[in-house]
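Residue strings, one per chain:
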Amino acid sequence: MGDVWIRTISHSLVRADRVTEIASSRGSVHEERGYSIKAVAQGKAYILIDNGDLEGTANARFGHARRMQAALLLAMDAASTAAASMVISYEQDGERWVLTPASDIAGVTEPAVPMVKST
């Protein structure tokens, strides 16, 4: 199994196995509407989602944030069973988490068949 990484809104990466807490807020970082989700790893908070566009009551926004947290946990679980290292990214247009092999992000192409040494 490969490593699992989570992309932050600042495009940095956090190792998923070091995340000790995932928390949400009913407001975005800059406003009292929308929601935000952060991951805490090694005592530092990393913002994963900062969506100030989501309208509705505070309870509705908090409910949506909880569903996004649950979806992140499911994505982390799915990524942890993959053979290759994976990066989990938030896709704002689809309001979903996307799993991408780390090699695709790095631009590394791996051969489909392992190469054999010729003697």
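Structural data are supplied above this passage.
Residues numbered from 1 in each chain as written. Predicted model: local features only at pLDDT ≥ 70, side-chain atom pairs only at ≥ 80, totals over all residues. Heavy atoms only, no water.

1. Thoughts on the pairing of strand 5 (residues 44-51)
Next, step 1: Relative to strand 5, strand 4 (residues 35-41) runs antiparallel, the two sharing 7 bridges. Of the residues in strand 5, the one forming a bridge with Ala-39 is Tyr-46.
Next, step 2: Joining the antiparallel neighbours strand 4 and strand 5 is a turn of 2 residues, in which Gln-42 adopts a positive phi near 50 degrees. (Pairing = 2+ DSSP bridges. Helix = DSSP H or I, 4+ residues; strand = E, 2+ residues; numbered from the N terminus.)

2. Quick notes on the nonpolar core
For soluble globular proteins, the rule of thumb is that nonpolar side chains tend to be buried together.
Next, step 1: The biggest cluster of nonpolar side chains holds 23 residues, and the ones touching the most others in it are Ile-88 and Trp-97.
Next, step 2: Among the secondary structure elements, those contributing two or more residues to this core are strand 1 (4-7), strand 3 (19-25), strand 4, strand 5, helix 1 (58-80) and strand 6 (86-91).
Next, step 3: For this core, the leading source of residues is helix 1, giving 6 residues.
Next, step 4: Excluding its chain neighbours within four sequence positions, the residues that come into contact with Trp-97 are Leu-48, Ile-49, Met-68, Ala-71, Leu-72, Ala-75, Ile-88, Ser-89 and Tyr-90. (Core = buried A, V, L, I, M, F, W, Y, C linked by side-chain atoms within 4.5 Å. Buried < 20%, exposed > 50% of the residue type's maximum accessible area, 1.4 Å probe, protein only. Contact = heavy atoms within 4.5 Å.)

3. Points about the environment of Asn-59
Next, step 1: Summarising the element assignment, Asn-59 is placed in helix 1.
Next, step 2: Put simply, Asn-59 and Arg-26 are 33 residues apart on the chain and 7.8 Å apart in space, counted from C-alpha to C-alpha.

4. Regarding the sheet that holds strand 3
Next, step 1: Read across the sheet, 3 strands follow the order 3-4-5 without closing on themselves; strand pairing throughout is antiparallel. Edge positions in the open sheet fall to strand 3 and strand 5, since each of these has one partner strand only. Pairs of neighbouring strands in the sheet enclose a mean axial angle of 20 degrees, with direction left out of account. (Axes fitted to C-alpha atoms, helices over the stretch in contact; angles between N-to-C directions.)

5. Quick notes on unusual backbone geometry
Next, step 1: Residues other than glycine seldom take positive phi values, yet Gln-42 does so here, at roughly 50 degrees.
Next, step 2: Of note in the backbone geometry, Glu-95 takes a positive phi value of approximately 50 degrees without being a glycine.
Next, step 3: With respect to the helices and strands, Glu-95 occurs in the loop between strand 6 and strand 7 (96-101).

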